[in-house]
Amino acid sequence: MKNDGNQEDLLTPERRTIDVVPDNERHGTPRSQFTLWFGANMQITAIVDGALAVVFGADALWAIVGLLIGNVVGGAVMALHSAQGPRMGLPQMISSRAQFGVKGAVVPLIMVILMYLGFAATGTVLAGQAVNKMLDIDNPTIGILIFGGLTAFVAITGYRLIHVVGRIATVIGIIGFTYLAIRLFAEYNVGDFVGVVGFDTATFLLAISLGAGWQLTFGPYVADYSRYLPRSTSERTTFWSTFLGSVIGSQWSMTFGALVAAVAGDAFLGNQVGFLGELAGPAVLAFLIYLVIVVGKLTVNVLNAYGGFMSILTTVTAFNGRSQISTAARALYILGFVAVSMLIAIAASADFLNNFKNFVLVLLMVFTPWSAINLIDYYLISKERIDLPALYDPKGRYGSWNVPALSCYALGVVAQIPFLAQKMYTGPITGMLGGADISWIVGIVFTGAIYYPLAKRTNNPPAQMIYPSQTEMVDTRI
């Protein structure tokens, strides 16, 4: 068998899907996690996310501080999920069967799949605009189709090529966004637009929520990209590599977004991609910036397509008992996912910024209880001891449906409703807080408080980590 890390294997489709990665196929170092997540966050949607805090009323200075707090808090949670990858060798959502049951894990998975589709569609809208600018084409559908084809190709090829794209995005992202920042300060007197609005609790908490929400939505698939690391890889090193890559990359992009929104206002809000091209200057430099946008979006969009495929497969196999599929079936799953995301992108609403803000905050509502349950069980209850073969057996240790965990998850979602600040609904307590949305904090704290004592009494972790035998890990695809 060839080493998965060989350069000559770069374009060979990945063999593994939701099954455990055997030790003889493990490779790489935690440094790969830094470049992947840095590259995935040096991109235009993160810029838009940072701009939202200013768009909805925060001063640029306070927006940047709030975004930093959110990125650090959310990034820590996200990186704790990543640290699970080398020890288990599993995709993230398969491992959550240990908390919710083999079939019960499907409940949060449905929301995960919708998340991937939403982010893939919004990313495809922006990347498609950049492709059209590069080709000087006015038809948005053409750019969307071209970018969707690139996304499908990289996602079908899999893990190795995804990491290569991440490394490329890291390098050109640093160069491209540094240049844009220099141009921004050259074209505008940025200091005149920072520190001009007083501190406002509601908008400051919104900035924290936008940063935290951005990071927490990576949680359901972050271990998908650390699971190939050798089992002996330090969890601490994996944590810090992922954390620093994701937080530095996202904070860089969001800070730039907050400053752009403050100085440019409607010029940026009405045409995010076009504004960055114009900021770049001459046509050749604008072309290069559009290329930076496409590569950055390609990195994270591939993560969405790959994660979406993994989640769909995890859902299906919970009921058919499979743990592997053929390469052809894998390609069809991914092509189907990308096709749906492109259709959504083509039909996307013109009210992009407002819808995107609400989309991110709704995702926070459904993922914070899941993160709390997964991390509390893995680190505090099971103490990193999982029966991996039982994750594929509804009659095994974890059963089909873990009713206590699912009940805590549902209660964790419901508990956030009074604290929501959404376009269509504002909770009664939110009004008392001046419009500040702290629902995600309630989701983590409340879910953890009710789940921990219950899980302590009802969960049945093994005495040590149980791995599949070598005969169970052979390639049985058809």
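All values reported here derive from a predicted model rather than from experimental measurement. (Residues numbered from 1 in each chain as written. Predicted model: local features only at pLDDT ≥ 70, side-chain atom pairs only at ≥ 80, totals over all residues. Heavy atoms only, no water.)

1. A closer look at the overall build of the chain
Here is step 1 of the chain: In terms of regular secondary structure, the chain is built from 19 helices and zero strands.
Here is step 2 of the chain: Radius of gyration (C-alpha) of the chain: 22 Å, near the 23 Å computed for a compact globule of 478 residues.
Here is step 3 of the chain: For the chain, the residues scored as buried account for 60% of the 478 residues in total.
Here is step 4 of the chain: Contacts in the chain between residues far apart in sequence, at least 24 positions, make up 87% of those at least 6 positions apart.
Here is step 5 of the chain: Of the side chains in the chain, 27 bear a positive and 26 a negative charge, and the two mean positions are spaced by 10 Å. (Helix = DSSP H or I, 4+ residues; strand = E, 2+ residues; numbered from the N terminus. Rg over C-alpha atoms; globule rule 2.2 N^0.38 Å. Buried < 20%, exposed > 50% of the residue type's maximum accessible area, 1.4 Å probe, protein only. Contact = heavy atoms within 4.5 Å. Lys, Arg positive; Asp, Glu negative; His and termini not counted. Charge placed at Lys NZ, Arg CZ, Asp CG, Glu CD.)

2. Notes on the pattern of salt bridges
Here is step 1 of the chain: According to the stated counting rule, one finds four salt bridges in the structure shown.
Here is step 2 of the chain: In this structure, the salt-bridge partner of Glu 384 is Arg 87, at a minimum N-O distance of 4.0 Å. With a gap of 297 residues between them, Glu 384 in the loop between helix 16 (352–381) and helix 17 (403–414) and Arg 87 in helix 4 (residues 84–88) connect regions that are remote in the sequence.
Here is step 3 of the chain: A relative accessible area of 27% means that Arg 87 is categorised as partly exposed.
Here is step 4 of the chain: As a salt-bridge pair, Asp 387 and Arg 397 come within 3.3 Å of each other at their nearest N and O atoms. One end of the pair, Asp 387, is in the loop between helix 16 and helix 17; the other, Arg 397, is in the loop between helix 16 and helix 17, with 10 residues separating them in the sequence. (Salt bridge = Lys/Arg side-chain N within 4 Å of Asp/Glu carboxyl O.)

3. Focus on the nonpolar core
Here is step 1 of the chain: By size, the foremost hydrophobic cluster in this structure holds 126 residues, and its most contacted members are Trp 37, Leu 276, Ile 386 and Leu 391.
Here is step 2 of the chain: Counting residues per element, this core draws most heavily on helix 14 (residues 283–320), which supplies 15 residues.
Here is step 3 of the chain: In this view, Leu 276 contacts Ile 44, Ile 47, Leu 180, Phe 256, Ile 289 and Ile 293; residues no more than four positions away in its chain are not counted.
Here is step 4 of the chain: Within the second largest apolar cluster, 10 residues are counted, among which are Val 77, Leu 216, Leu 375 and Trp 440. (Core = buried A, V, L, I, M, F, W, Y, C linked by side-chain atoms within 4.5 Å.)

4. Concerning the packing of aromatic side chains
Here is step 1 of the chain: Taken as a whole and judged by the stated rule, the model has 22 aromatic pairs.
Here is step 2 of the chain: For the ring pair Trp 62 and Phe 199, a centre distance of 4.9 Å and an interplane angle of 75 degrees mean the geometry is edge-to-face. Of the two residues, Trp 62 is situated in helix 3 (residues 60–82) and Phe 199 in the loop between helix 9 (159–187) and helix 10 (201–216); the sequence distance between them amounts to 137 residues.
Here is step 3 of the chain: For the pair Phe 119 and Trp 214, a centre-to-centre distance of 6.1 Å together with 90 degrees between the ring planes defines the contact as edge-to-face. Highlighted residues: Phe 119 in helix 7 (residues 106–135) and Trp 214 in helix 10, separated in sequence by 95 residues.
Here is step 4 of the chain: Residue classification places Trp 214 among the buried residues on the basis of a relative accessible area of 3%.
Here is step 5 of the chain: Ring pairing ties together the aromatic residues Trp 37, Tyr 116, Phe 119, Trp 214, Phe 218, Tyr 221, Tyr 225 and Tyr 306, which thus form one cluster.
Here is step 6 of the chain: The lysine or arginine in question, Arg 231, covers the ring of Tyr 467, its NZ or CZ lying 3.7 Å from the ring centre. (Phe/Tyr/Trp six-rings, centres within 6.5 Å; stacked < 30°, edge-to-face > 60°. Lys NZ or Arg CZ within 6 Å of the ring centre and 35° of its normal.)

5. Some thoughts on helix 2 (residues 44–55)
Because each turn of an α-helix spans 3.6 residues, side chains separated by three or four positions end up pointing in the same direction.
Here is step 1 of the chain: In a regular helix each residue adds 1.5 Å, so 12 residues correspond to 16 Å; helix 2 covers 16 Å between its end C-alpha atoms and thus fits that length.
Here is step 2 of the chain: Most of helix 2 is tucked away, with 11 of its 12 residues classed as buried.
Here is step 3 of the chain: One side-chain oxygen of the residue at the start of helix 2 lies 2.9 Å from the amide nitrogen of Thr 45, identifying that residue as Gln 43. (Expected span 1.5 Å × (residues − 1). Polar contact = N/O pair within 3.5 Å; in protein donor to acceptor, adjacent residues only side chain to side chain.)

6. Things to note about the packing of helix 7 against helix 13 (residues 272–280)
Here is step 1 of the chain: Contact geometry of helix 7 with helix 13 gives a least axis separation of 9 Å together with a crossing angle of 45 degrees. Of the possible angle classes, the one that applies to helix 7 and helix 13 is oblique. Of the two possible hands of crossing, helix 7 and helix 13 adopt the one that is right-handed. Residue-level inspection shows Leu 126, Gln 129, Ala 130 and Lys 133 of helix 7 in contact with helix 13, the latter providing Gln 272, Val 273 and Gly 274.
Here is step 2 of the chain: Taken together, the residues of the contact of helix 7 with helix 13 break down into three nonpolar, three polar and one charged. (Axes fitted to C-alpha atoms, helices over the stretch in contact; angles between N-to-C directions. Parallel < 35°, antiparallel > 145°, perpendicular 65-115°, else oblique. Left-handed = near helix turned anticlockwise from the far one by under 90°. Nonpolar A, V, L, I, M, F, W, Y, C, P; charged D, E, K, R; others polar.)

7. Description of the confidence of the model for the chain
Here is step 1 of the chain: Chain-level statistics for the chain give a pLDDT mean of 86 and a share of 91% at 70 or above.
Here is step 2 of the chain: Ranking the elements of the chain by mean pLDDT puts helix 18 (residues 428–432) last, at 78, and helix 11 (residues 235–264) first, at 96. (pLDDT = per-residue confidence, 0-100.)

8. Re the environment of Val 20
Here is step 1 of the chain: Along the polypeptide, Val 20 turns up in the segment before helix 1 (31–41).
Here is step 2 of the chain: Along the backbone, Val 20 and Pro 91 are 71 residues apart, and their C-alpha atoms lie at a distance of 8.3 Å.

9. Topic: the packing of helix 1 against helix 9
Here is step 1 of the chain: Across the interface, helix 1 lies against helix 9 with an axial gap of 7 Å and an inter-helix angle of 65 degrees. Where helix 1 crosses over helix 9, the two elements pack in a sense that is left-handed. For the pair helix 1 and helix 9, the contacting residues are Ser 32, Gln 33, Thr 35, Leu 36, Phe 38 and Gly 39 in the first and Tyr 159, Ile 162, His 163, Gly 166, Arg 167, Ala 169, Thr 170 and Ile 174 in the second.
Here is step 2 of the chain: Here the residues of the contact of helix 1 with helix 9 sort into six nonpolar, seven polar and one charged.

10. Here's the deal with a nonpolar patch on the surface
Here is step 1 of the chain: Taken together, the side chains of Leu 61, Trp 62, Val 65, Ile 69, Val 73 and Phe 199 define a hydrophobic patch exposed on the protein surface, amounting to about 480 Å² of accessible area.
Here is step 2 of the chain: Its place among the elements puts Leu 61 in helix 3. (Patch = residues over 30% accessible without salt bridge, like charges linked within 9 Å, V, L, I, M, F, W, Y side chains within 5 Å. Areas by Shrake-Rupley, 256 points an atom, 1.4 Å probe, with all protein chains shown as cover.)

11. Structural notes on the environment of Met 432
Here is step 1 of the chain: By the element assignment, Met 432 lies in helix 18.
Here is step 2 of the chain: Met 432 sits 104 residues away from Ala 328 along the chain, and the two C-alpha atoms are 55 Å apart.

12. Structural notes on the side chain of Thr 299
Here is step 1 of the chain: By secondary structure assignment, the location of Thr 299 is in helix 14.
Here is step 2 of the chain: The contact partners of Thr 299, leaving out residues within four places of it in the chain, are Leu 36, Gly 39, Ala 40, Val 165, Gly 166 and Ala 169.

13. As for the environment of Gly 70
Here is step 1 of the chain: Structurally, Gly 70 can be placed in helix 3.
Here is step 2 of the chain: Sequence-wise, Gly 70 and Ala 207 are 137 residues apart; in three dimensions their C-alpha atoms are separated by 7.3 Å.

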